[in-house]
Amino acid sequence: MIILLGETAAAREIAAGLENRGLEFERTQIWTENARLQTPSVILDASHPSCSSKFASLNQWCEQRGVPYLRLERAETKIPASALIYPVYHWEEALLHLKQRVPTLYLEKERLVTIFVTTGSHQLESIVRSSFARSARLVVRVLPEGRLVQKCQDMGINPRDIIAMQGPFSKEINKALLKFYGADILLTRDSGLDGGTDTKISAALELGLEVILVKKIKDSIGLTAYNVKELLNWVDGYFKN
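Procedures and definitions
- Residues numbered from 1 in each chain as written.
- Predicted model: local features only at pLDDT ≥ 70, side-chain atom pairs only at ≥ 80, totals over all residues.
- Heavy atoms only, no water.
- Buried < 20%, exposed > 50% of the residue type's maximum accessible area, 1.4 Å probe, protein only.
- Helix = DSSP H or I, 4+ residues; strand = E, 2+ residues; numbered from the N terminus.
- Contact = heavy atoms within 4.5 Å.
- Axes fitted to C-alpha atoms, helices over the stretch in contact; angles between N-to-C directions.
- Parallel < 35°, antiparallel > 145°, perpendicular 65-115°, else oblique.
- Left-handed = near helix turned anticlockwise from the far one by under 90°.
- Salt bridge = Lys/Arg side-chain N within 4 Å of Asp/Glu carboxyl O.
- Pairing = 2+ DSSP bridges.
- Arc of directions from axis to C-beta.

S.K.: Just checking my understanding: could you explain helix α8 (residues 197–206) for this structure?
M.R.: Think of an α-helix as 3.6 residues a turn; residues three or four steps apart then line up on the same face. Three or more residues of α8 are buried, namely Thr197, Thr199, Lys200, Ile201, Ala203 and Ala204. Elements that come into contact with the buried residues of α8 comprise β5 (85–88), β7 (136–142), α7 (171–180), β9 (185–189) and β10 (210–214).

S.K.: Explain the packing of α7 against α8 to me, please; I cannot follow it from the model alone.
M.R.: A pair of packed helices is characterised by two quantities: the angle between their axes and the separation of those axes. Interaxial distance between α7 and α8 falls to 8 Å at its minimum, and their mutual angle equals 50°. Here α7 is positioned oblique relative to α8, judged by the angle of their axes. When the axes of α7 and α8 are compared, the crossing they make is right-handed. Contact residues: α7 offers Lys171, Asn174, Lys175 and Leu178, while α8 offers Thr199, Lys200, Ser202, Ala203, Ala204 and Glu206.

S.K.: It is not clear to me how the pattern of salt bridges should be interpreted in this structure. Could you clarify?
M.R.: When the charged atoms of two side chains with opposite charge come close together, those side chains can pair. Applying the stated criterion across every chain yields a total of 11 salt bridges. Its salt-bridge partner being Arg129, residue Glu125 comes within 2.7 Å of it at the nearest N-O pair. You can call Arg129 exposed: its relative accessible area is 66%. A salt bridge links Glu206 to Lys171; its shortest N-O distance comes to 2.6 Å.

S.K.: Whenever I open this one, the sheet that holds strand β3 (residues 42–45) confuses me. Can you help?
M.R.: Hydrogen bonds between backbone atoms are what pair the strands of a sheet, whose relative direction is either parallel or antiparallel. Read across the sheet, 5 strands follow the order β2-β1-β3-β4-β11 without closing on themselves; strand pairing throughout is parallel. One side of each edge strand has no neighbouring strand; the edge strands of this open sheet are β2 (25–28) and β11 (223–225). Recorded for the sheet is a direction-independent mean angle of 20° between the axes of neighbouring strands.

S.K.: Please explain the pairing of β3 as it appears in this structure.
M.R.: Looking along a regular strand, one sees side chains alternate from face to face of the sheet. With burial as the criterion, each face of β3 is covered, one bearing Val42 and Leu44 and the other bearing Ile43 and Asp45. By the bridge criterion, 4 bridges tie strand β1 (residues 2–5) to β3 in an arrangement that is parallel. Its bridge partner being in β3, Ile2 is matched across the sheet by Val42. Looking at chain direction, β3 and strand β4 (residues 69–72) are connected through 3 bridges and run parallel. Bridge pairing in β4 links Ile43 to Tyr69.

S.K.: Sorry if this is basic, but what is going on with α7 here?
M.R.: Within the span of α7, buried status applies to Asn174, Leu177 and Leu178. Along the axis of α7, the buried residues cluster in a sector spanning 100°; they form a single face. Opposite the packed face of α7, turned more than 90 degrees from it, sit the exposed residues Glu172, Lys179 and Phe180. On its buried face, α7 sits against β6 (113–117), β7, β9 and α8. Phi for Gly182, located one or two positions after α7, is positive at around 65°.

Take a look at the structure:
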């Protein structure tokens with residue numbers, strides 16, 4: 001049994017490829033050792049980059065049992081040189097920078113500072129509960145799934161500040177959204193070209209916005225593929241042996 005992790009566009013493409021090959025697989029977004037992984041032969045991880053830490057224990061689980069774990073990674077985005085871009089490698093660093101910048105901008109602009117968040121809902125609560133939240137307005141872009149919209153509302157995000165859309169988006173669409181919501185800071189994650197990181201950043205820079213970019217930490221655990229074709233080629237080779 002192949003376990004396919006993720007609800008991304010890439011995961012859907014991989015699922016179609018596995019079906020075409022007549023391979024048995026289970027696609028899931030939630031992993032528990034007892035409930036989900038009874039007798040896996042291979043783990044294919046095509047989850048969103050923000051979920052990488054969520055499945056860290058799964059890497060170890062596979063190593064201990066000799067189960068191949070193949071992670072689909074998005075190639076790192078080439079970032080333009082700009083004083084407006086603040087790269088970080090940990091979520092805590094992003095929060096610290098926001099803690100430093102939001103009060104300053106609040107005093108300068110004499111209004112709430114609009115943070116346009118495209119990092120998903122996983123760590124959103126840490127912003128909502130932060131000390132600088134009272135000086136900020138959060139605009140959140142998430143996938144168009146009812147549970148995610150509800151999760152944002154349950155955290156106190158105003159419904160008019162929740163954008164439920166499936167990306168990636170062009171620079172023009174990103175620019176229009178950033179401008180429409182009056183964004184001051186773009187908080188985003190380096191999800192590669194497939195995730196539209198380049199168009200988000202270029203749109204923000206054209207508007208003169210500050211960008212906090214959560215970059216990827218290189219992980220040496222497990223096998224890595226950088227596109228769907230490469231991953232499926234690996235699957236073909238593995239199951240032919």
